[in-house]
Amino acid sequence: MTDNRVHRRPLRPSRLRALPPWSLVAAGVLAGGLLGGGYGVLRAPEYTATSYVVAVPTERSDTATALGFAQAYGRVATQIAVLGDAQAWAGVPTATLRDSVRAATSPDAPMVAVSATSDRPARAADMANAVARALTRHADAAEADTHVHLVQFSRAVTPGAPTSASAGVTGLVGASAGGLLGALALLVRPRRRPREETLRPASVPGPALAADAHGQL
């Protein structure tokens with residue numbers, strides 16, 4: 001009697017399936033920490049210096065008007081007209097100022113904060129002071145129409161410590177990101193099929209069907 005059952009060899013699990021579940025998360029944490037820490041070590045530290053200017057109303061104006069013009073001056077502080085005048089005092093091209101200088105205002109105080117970032121502490125202070133100086137000159141030229149005087153409230157000083165993230169911080173961020181990616185990979189990781197599903201024998205006729213077939217012969 002010929003045995004019609006089909007024997008299937010069990011499938012060998014892939015290397016990915018053979019790894020323990022926590023190995024993906026651990027590998028992600030390790031790889032992310034190494035990459036983040038290496039980035040923090042190799043990246044040059046950055047320094048930020050900030051200069052403050054304040055809008056002062058004249059006799060023909062009021063505090064609300066000064067506050068409104070402070071918001072306007074904050075928006076034009078990084079425009080080419082101001083940066084073009086500041087480049088001579090800062091000693092850097094206009095493109096460098098455009099990439100390195102940022103301006104911020106407050107909704108409650110008529111003040112503009114001009115911040116500059118550089119890999120050299122002294123240059124960061126020079127750029128912030130140069131842009132603040134150029135901004136006050138532009139404001140003074142329009143004082144007859146705006147009735148607001150812009151004065152330098154605080155000069156930028158040379159920063160003593162970098163503001164960029166340290167290697168420890170970048171390593172921690174990288175490890176967190178790597179662990180998250182490892183957890184996501186664990187969710188989409190192919191699951192191991194049960195042995196019963198991989199070994200499915202061919203169906204065999206039942207006793208009743210076999211007896212009927214024997215009677216017909």
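See above for the structure.
This text gives an overview of the structure that appears in the document.

### Overview of the nonpolar core
For step 1, the next point in the chain: Counting residues in each nonpolar core, the largest one holds 30 residues, and the members touching the most others are Leu97, Val112, Val131, Leu135 and Leu150.
For step 2, the next point in the chain: Only β1 (47–57), α3 (63–76), α4 (80–90), β3 (111–118), α6 (121–141) and β4 (148–154) provide two or more residues apiece to this core.
For step 3, the next point in the chain: The contact partners of valine 112, leaving out residues within four places of it in the chain, are Ser51, Tyr52, Val53, Ala70, Tyr73, Gly74, Ala103, Ala104, Thr105 and Leu135.

### Regarding the packing of aromatic side chains
For step 1, the next point in the chain: Under the defined criterion, the tally for this structure stands at one aromatic pair.
For step 2, the next point in the chain: With 6.3 Å between their ring centres and 35° between their planes, phenylalanine 69 and tyrosine 73 make a pair best called tilted. One end of the pair is phenylalanine 69 and the other is tyrosine 73, both in helix α3 and four residues apart, which spans about a single turn.
For step 3, the next point in the chain: Its guanidinium or amino end placed over the ring of tryptophan 89, arginine 133 lies 4.1 Å from that ring's centre, counting from NZ or CZ.

### Comments concerning unusual backbone geometry
For step 1, the next point in the chain: Even without a glycine there, the phi angle at histidine 147 is positive, about 60°.
For step 2, the next point in the chain: One can find histidine 147 in the loop between α7 (143–146) and β4.

### Quick look at the pairing of β1
For step 1, the next point in the chain: Sheet topology places β1 next to β3; eight bridges connect them, and they run antiparallel. Paired with valine 53 across the bridge in β3 is valine 112.
For step 2, the next point in the chain: Taken together, the six bridges between β1 and β4 define a ladder with antiparallel strand orientation. Bridge pairing links valine 54 to valine 151 in β4.

### Here we look at the packing of α4 against α6
For step 1, the next point in the chain: Axis separation between α4 and α6 bottoms out at 8 Å; the angle between their running directions is 130°. It follows that α4 is oblique to α6 by the angle criterion. The element α4 and its partner α6 pack so that their crossing is right-handed. The segment α4 lies against α6, with Ala81, Val82, Leu83, Asp85, Ala86, Trp89 and Ala90 engaging Asp126, Met127, Ala130, Val131, Arg133, Ala134, Leu135, Arg137 and His138.
For step 2, the next point in the chain: Here the contact of α4 with α6 is built from residues that sort into 11 nonpolar, one polar and four charged.

### Details of the environment of leucine 83
For step 1, the next point in the chain: With respect to the helices and strands, leucine 83 occurs in helix α4.
For step 2, the next point in the chain: We classify leucine 83 as buried; its relative accessible area is 1%.
For step 3, the next point in the chain: Residue contacts for leucine 83: discarding those within four places in its chain leaves Ala77, Thr78, Thr94, Leu97, Arg98 and Val131.

### Focus on the sheet that holds strand β2 (residues 101–105)
For step 1, the next point in the chain: Pairing within the open sheet is antiparallel, and its four strands lie in the order β2-β3-β1-β4. Of all the strands in the sheet, the pair left with one neighbour each is β2 and β4. Taken over all neighbouring pairs, the strand axes of this sheet differ in orientation by 25° on average, direction set aside.

What counts as what
Residues numbered from 1 in each chain as written. Predicted model: local features only at pLDDT ≥ 70, side-chain atom pairs only at ≥ 80, totals over all residues. Heavy atoms only, no water. Core = buried A, V, L, I, M, F, W, Y, C linked by side-chain atoms within 4.5 Å. Buried < 20%, exposed > 50% of the residue type's maximum accessible area, 1.4 Å probe, protein only. Helix = DSSP H or I, 4+ residues; strand = E, 2+ residues; numbered from the N terminus. Contact = heavy atoms within 4.5 Å. Phe/Tyr/Trp six-rings, centres within 6.5 Å; stacked < 30°, edge-to-face > 60°. Lys NZ or Arg CZ within 6 Å of the ring centre and 35° of its normal. Pairing = 2+ DSSP bridges. Axes fitted to C-alpha atoms, helices over the stretch in contact; angles between N-to-C directions. Parallel < 35°, antiparallel > 145°, perpendicular 65-115°, else oblique. Left-handed = near helix turned anticlockwise from the far one by under 90°. Nonpolar A, V, L, I, M, F, W, Y, C, P; charged D, E, K, R; others polar.

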